[in-house]
Amino acid sequence: MQKSLGGAVLAVMLVSVACGGSSAPNPGPSGSGGGPMKEGGTLRIAAFDGIDSLNPYVGINDDSYATYEYIYPQLVQYDPSAKFIPDFATSWTHSSDGLTWTFTTQANAKWSDGQPLTAADVAWTYNNIIKFKDSVTAGAAGVVQNLTKVEAPDATTVKFIYSSPVPAVLANVQQTSILPEHIWAQYAAGDGKALKTFPNTPTANMPVVSGGPFMVTSYQQDGTTLFDKNPNWYGAPPHIDRFGVTYFSNEDAEVTALKTNQIDVIENVPPPSVQTLKDANFNIYTGPSSTYRTFIINSSPFKKTNPELMDPQVRMAFEYAINRQQIIDTAWLGYAQPGTTIVPTTSGIWHDSSIQPLPFSIEKANSILDGLGFTKGSDGIRVANGHPMTYDVLFPGSERGAGDRAFQIIQGDFQQIGVKLIQKPVQGAYSIMTAPDNKYLNWDLAMWDWTPPLDPDFILSAMTCHSFGNWSDSGYCNKAYDALYAKQTHTVDEQARLAIVNQMQQMVYNDRPYVVLNYNDTINAWNNNFAGFVQSAQGLFSALDKQSLIAVHHT
Amino acid sequence: MRGADYLLKRTVFAVLTVLVAITLNFVLFRALPGDAVSNLSRVPHATPALRLALQKEFGLDKPLWQQYVLYLEQLAHGNMGVSYVNQQPVFSELRTRLANTIPMVALGTALAIIIGVGTGVLSAWRRGTLTDHASTNAAIVFYAVPTQWLGLMLLILLAGVLPSVGMHDPYAVGLGFWASKWDALKHMILPSGTLALTLYGEFTLVVRSSMLETMGEDYILTARAKGTKPWTIMRTDALRNAMLPTITLIALSLGYIVGGTILIEEVFSWPGVGQAVFNSVASRDYPILQGAFLVLTLSVVFFNFLADILYFRMDPRISA
Amino acid sequence: MSVIANEPGVVADTPRRRSRGGLLWDLIKGRPSAVVGAVLLGTFIVIAVFANVLAPYDVHTQVGPVFGAPSAQHWLGLDDGGIDMTSLLIFGARISLIVGFAAAMVATFVGGLVGILAGYFGGRPESILMRITDYFLVVPDVPLMIVIATLWGPSLGHVILVIGLLVWTTTARIMRAQVKSLRERVYVKRARSMGASNFRIIGRHILPQIAPLLVANVILAVAIAIFDESALAFLGLSDPTAVSWGSIIEHAFIRGAISGGAWWAIVPPGICIALVVMGCYLIGQAIEDALNPRLKVAHLSVHGFRLRPLVGLDKDAL
């Protein structure tokens, strides 16, 4: 299914690139499956996350990022196989030392209000982030790492000047929305605080000034946000006239709303509802997502309690005792894949597929623990270092539902290897984990999840000693790993970088700060009125590409 | 004289309560775990610099008492702070939320009062008959079911027939005035209906028992003995006297209803003040929580005060 | 001082001594509803106590397909983890009733203590205690419960405390009024004049008099607590590891039972809650009725999450 959609995307892409900046109406290729194509119409999307702000310096929800993707230009975007393809930039090159990247941008492009959209807007956006990277725009500081300045020598050329080479340049520019300088420059005066308080909301006759295929014409937080076709969009025009994103406070209500035709598409179908929707003849897409679930073993070098948990043998025994297949079957009803490394499969080449999970084996786990001399007490619980092997497992609210089921399975199997686990639900898990003073002292085990960007740089960085109190949720700290990370950030050659990245994944896998339980599937469902979505690792309305809602059409 | 004294006392009490509420709100929210920053800074590539910047921005780096003084100062100027999540003023955010919640709650409560008083009077009048038993038992049943569960049951039964999410159909453009009102009303039926059904039973039982109680009073018995028709007694004396506890109860309930709609707003994705409270707990958005909490407390104080005044107006024993 | 003839909660002319069976007999006599209530509550208490024996399956083990439909082996079907619903409901009764009774005890203890102290000693202690009570009376309960449950973290103990500490206010007011009137009774005055200590007077003369009222209070508060726990559970703030009726509803809901058509995972726990609440209501009502047929002292308001004085507000506040 994804394959056939992918074909359609590529066709659209080619048209889009060929058309350049012209905004001439384009019929586009037809027949990407699912009936005859009709122009126009309104697509109603359900969102569980919600658009928390239209201001890119403020919003943090996934739906907000997807919104920016569709209303603002980015230089590049991802294709369904996680490769970079053109967006506002039509082509790009870099100098051999990796210090200068040059992008050629769409000619004659316009913002939705008719003002010219040029390389100067790109330069302003990036230079503005650099200017305030220690205050207002600190949230985006990562994308301008080592970036000295950005120049726009002419209307269609931008030059990025780096102080030292950065391998993830394309990944960085992919996630940065280019803002209209003529709207935003006034808020960048002084300390730049106004950049954050500017709500960027539409008014009755004035949509948000946009440069993407759509513009926001009406916004209601925790309600519905409406997007209309942007008449001045530089690429191939979308087939639908408008779409809306409606916030739902729970997933079950989304499914009910889809079934009763109050909406057309939902992005996160709860696995137990898939069969019902299939029976009711809805279209279902399932494919890999970048979300994965982890069983975390506190690895903080500061921690002195329960030292047995630092023993690699014990950690290996734990992995043997985790029945990934049963978790997938019961908690996720089959909509997940066994997990291995911290770089998920959706990262394409960066995922090291040579790493295999240990097979589920209570016997092996027991023999390892027996070998360590941790004998079982009268209650069947082993004793290690003078205390029973009984541990709390921190359980953040985000894991509720399926995670409860996964925990129960792990708990039952651990009982058989003489280890007692107690589920400990927590609110504000991160501050509990890092306490005190970012030393990670007060807990042993936890369950959580990650949805990292496709480029591995971020998730690799989250495992460094440097990210204590910042991103680390395991307290993992390994000097050799950190050295590899530093080397990775300066390796521009893809193959050389890949070798390092694989080595790092192997290292984390062996040390087991995490047992990656499973890679989740993304599950989307839509009715028969629409066809042609382009699926991505983050669903069909995502911050990874603009293709999906350009290609989708009425049937 | 006595009446004025009474009113003054109640007013002073209301004002004091508001002051206590303001202070306790502050204390309560500063004690919450997980400061806003550790949540907000969980965005890709967050740096320690960002965390510091955010802490400064929200004044979380200052000592508690300074934060308190700042809070009082701002509140005095009608400024309830800025949402951590969307950086917009809490005041306008809450105004929007309340404007969304109030019509739904008003409709639900009005329905509950009408049904409750109606069935209560009917029950009392027809005491001991099948009608009485049927209406009393129905009231007890609706009164005993959990709000969220009743909402879910209505969702199961009626989701295909009535809209189950949001306040209006965002895609219906160019509706006329009446058509858009009709659309809004349709969206209100399920949440307001849930509220009405869960509330009305309580009213029925109270009205019925106050009526019966009044009917046992000496003066009613005397009237009866004198041969006044039962319906006349019911209309003139019993009903009027039974209204006293009923109205008090209703006024008292109103204050809590707004806070109690969280469950209904969760089930029907209603973008009201209850949902704001719930979402801001999840995102540790103190200013919104604090603001909402203050507004809800004030509404309870207000309705209690209203109940006092009503009581004062209606009870001859006080105003005499 | 008091402008209202009937103080809330004043038990008029209760005979001082009453045979042990007296109250019970009064309760049942001519009140079939009390019998119904007792049977309802009693049944669930028995189920809760003997959950281990009664539950056909373990509640931590998958015994069939996810959301399996009701069948001969599983009368009420299976939940989202393939766990037998009948067994879940049986064990759920245990947790729900424990939360209910424990929270009700906390509420009645705090409320009773405050009420007795205020009513007995009067004066300054009384006005301070009553001011505190009045403040708690206007706090919006549900939002406060949410805030505190979040603050303390989700655990059953916290839920019990939160509920208990929010439900005590009316008990305090009713008890105070009651004790105030008892204090003026002849036999209490006589005991005092004979040099009995306050402690003794409260223990010997006051407590026995208000005991039936306290019992009625506990039973009514149980209903409120069970109701509140289900609300907190629905918002994900109760202990997800403890199987209560509230958490069964929440769990089924977040796992898509409604859209998936698995009504058996969501309908029965709601019915159980309703039955217990009805049972408590009927019994509480009957006890009050028996104490004073003409005066309802308190009114259980589950949806308002509190007990409310029915007759008259406390007009001498401040």
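Residues numbered from 1 in each chain as written. Chains lettered and ligands numbered in written order. Predicted model: local features only at pLDDT ≥ 70, side-chain atom pairs only at ≥ 80, totals over all residues.

Caption draft 1: Highlighting the overall build of chain B. Regarding its fold elements, chain B presents 14 helices and 0 strands. Within chain B, buried positions represent 48% of all 320 residues. For chain B, restricting intrachain contacts to residue pairs at least 6 apart in sequence, the fraction spanning at least 24 positions comes to 75%. (Helix = DSSP H or I, 4+ residues; strand = E, 2+ residues; numbered from the N terminus. Buried ≥ 20, exposed ≤ 12 C-beta atoms within 10 Å, placed from the backbone. Contact = placed C-beta atoms within 7 Å.)

Caption draft 2: Spatial organisation of the overall build of chain A. Looking only at helices and strands, chain A has 17 helices and 23 strands in total. Along the three orthogonal principal directions, the C-alpha set of chain A runs to about 80 × 55 × 40 Å. Residues counted as buried form 57% of the 555 residues belonging to chain A. Across chain A, every contact between residues at least 6 apart in sequence was considered, and the portion connecting residues at least 24 apart equals 70%.

Caption draft 3: Region of the structure containing the packing of helix α10 (residues 324-331) of chain A against helix α12 (residues 402-416) of chain A. Residue and element names in this part refer to chain A. Across the interface, α10 lies against α12 with an axial gap of 9 Å and an inter-helix angle of 145 degrees. Our pair here, α10 against α12, has a crossing hand that is right-handed. When α10 is examined against α12, the residues Gln 326, Ile 327, Thr 330 and Ala 331 are found in contact with a partner set consisting of Ala 402, Arg 405, Ala 406 and Ile 409. A per-class count over the contact of α10 with α12 returns 5 nonpolar, 2 polar and 1 charged. (Axes fitted to C-alpha atoms, helices over the stretch in contact; angles between N-to-C directions. Left-handed = near helix turned anticlockwise from the far one by under 90°. Nonpolar A, V, L, I, M, F, W, Y, C, P; charged D, E, K, R; others polar.)

Caption draft 4: Highlighting the pairing of strand β4 (residues 89-94) of chain A. Residue and element names in this part refer to chain A. Both β4 and strand β5 (residues 100-105) contribute to a ladder of 5 bridges, which runs antiparallel. Paired with Ser 91 across the strands is Thr 104, a residue of β5. Hairpin connection between β4 and β5: a loop of 5 residues separates the two successive antiparallel strands, and Gly 98 in this loop has a positive phi of roughly 75 degrees. (Pairing = 2+ DSSP bridges.)

Caption draft 5: Highlighting the confidence of the model for chain A. Residue and element names in this part refer to chain A. Residue-level pLDDT values for chain A average 89, and 94% of them are 70 or greater. Of all helices and strands in chain A, the one with the weakest mean pLDDT is helix α1 (residues 2-19) (30), whereas helix α9 (residues 312-320) scores best (97). Throughout residues 1-34 the model reports pLDDT below 50, and contacts reaching past four residues in sequence, or to other chains, amount to 64 contacts. (pLDDT = per-residue confidence, 0-100.)

Caption draft 6: Expanded view of the packing of helix α7 (residues 147-158) of chain B against helix α8 (residues 177-215) of chain B. Residues and elements named next belong to chain B. Look at α7 against α8: their axes get within 9 Å of each other, and the N-to-C directions meet at 135 degrees. Put simply, α7 runs oblique to α8. Viewed along their axes, α7 and α8 form a crossing whose handedness is right-handed. From α7, Thr 147, Leu 150, Gly 151, Leu 154 and Leu 158 reach across to α8, where they touch Leu 190, Gly 193, Thr 194, Leu 197 and Thr 198. Its residues assigned to classes, the contact of α7 with α8 shows 5 nonpolar, 5 polar and no charged. (Parallel < 35°, antiparallel > 145°, perpendicular 65-115°, else oblique.)

Caption draft 7: Highlighting the confidence of the model for chain B. Residue and element names in this part refer to chain B. Chain-level statistics for chain B give a pLDDT mean of 80 and a share of 83% at 70 or above. Looking over chain B, one finds the lowest element-wise mean pLDDT in helix α14 (residues 316-319), namely 52, and the highest in α7, namely 92. Residue range residues 41-46 is modelled with pLDDT below 50. Its contacts to residues more than four positions away, or to other chains, number 17 contacts. What the predictor reports for the complex is a pTM of 0.85 with an ipTM of 0.83.

Caption draft 8: Broad picture of the environment of Asn232(A). Residues and elements named next belong to chain A. Here Asn 232 is to be found in the loop between β11 (224-229) and β12 (242-247). Looking at Asn 232, the number of C-beta atoms within 10 Å reads 18, which means it is partly exposed. Each C-alpha atom, one on Asn 232 and one on Val 255, is 35 Å from the other, the two residues being 23 residues apart in sequence.

Caption draft 9: Fine view of the environment of Lys278(A). Summarising the element assignment, Lys278(A) is placed in helix α8 (residues 274-279). Separated by 214 residues in sequence, Lys278(A) and Ser64(A) place their C-alpha atoms 29 Å apart.

Caption draft 10: Representation of the nonpolar core within the structure. Counting 339 residues, the largest nonpolar core has Ala292(B), Ile146(C), Ala225(C), Val277(C) and Cys280(C) as the members making the most contacts within it. Broken down by element, the residue count for this core peaks at 20 residues, all from helix α9 (residues 198-234) of chain C. (Core = buried A, V, L, I, M, F, W, Y, C linked by C-beta atoms within 7 Å.)

Caption draft 11: Spatial organisation of the interface of chain B and chain A. Taken together, the contact between chain B and chain A spans 32 residues of the former and 40 residues of the latter. Ranked by the residues each element gives to the side of chain B that touches chain A, the list is headed by helix α3 (residues 48-57) of chain B, at 4 residues. Looking at the side of chain B that touches chain A residue by residue, the classes come out as 16 nonpolar, 12 polar and 4 charged.

Caption draft 12: Broad picture of the environment of Gly380(A). The topology assignment puts Gly380(A) in the loop between α11 (362-371) and β16 (383-384). The class for Gly380(A) is partly exposed, based on 13 C-beta atoms found within 10 Å.

Caption draft 13: Representation of helix α12 (residues 273-282) of chain B within the structure. The buried count for α12(B) comes to 9 of 10 residues, which makes it a mostly enclosed element. Within α12(B) the residues assigned to the buried category are Val273(B), Gly274(B), Gln275(B), Ala276(B), Val277(B), Phe278(B), Asn279(B), Ser280(B) and Val281(B).

Caption draft 14: Broad picture of the sheet that holds strand β9 (residues 157-162) of chain A. All names here are of chain A. The strand order β4-β5-β9-β8 describes an open sheet built from 4 strands, whose pairing is antiparallel. The open sheet has two free edges, formed respectively by β4 and β8 (147-154), since each of these has just one partner strand. The mean angle between the axes of side-by-side strands here comes to 20 degrees, regardless of whether they run parallel or antiparallel. In this sheet, β9 lies alongside β8 in antiparallel orientation, the contact comprising 5 bridges. Each residue of the ladder has a partner; that of Asp 154, found in β9, is Thr 157. In this fold helix α3 (residues 119-131) packs onto β5, β8 and β9, with an angle of close to 165 degrees to the strand it touches most, β8.

Caption draft 15: Up close: unusual backbone geometry. Residues and elements named next belong to chain A. In this model, Ala 82 sits at a positive phi of 70 degrees, which is unusual for a non-glycine residue. Mapped onto the elements, Ala 82 comes out in the loop between β2 (76-78) and β3 (84-86). Here Ala 82 falls in the buried class, since 20 other C-beta atoms lie within 10 Å of it. Within the chain, Asn 306 stands out as a residue other than glycine whose phi angle is a positive 45 degrees. For Asn 306, the position within the fold is in the loop between β14 (283-297) and α9.

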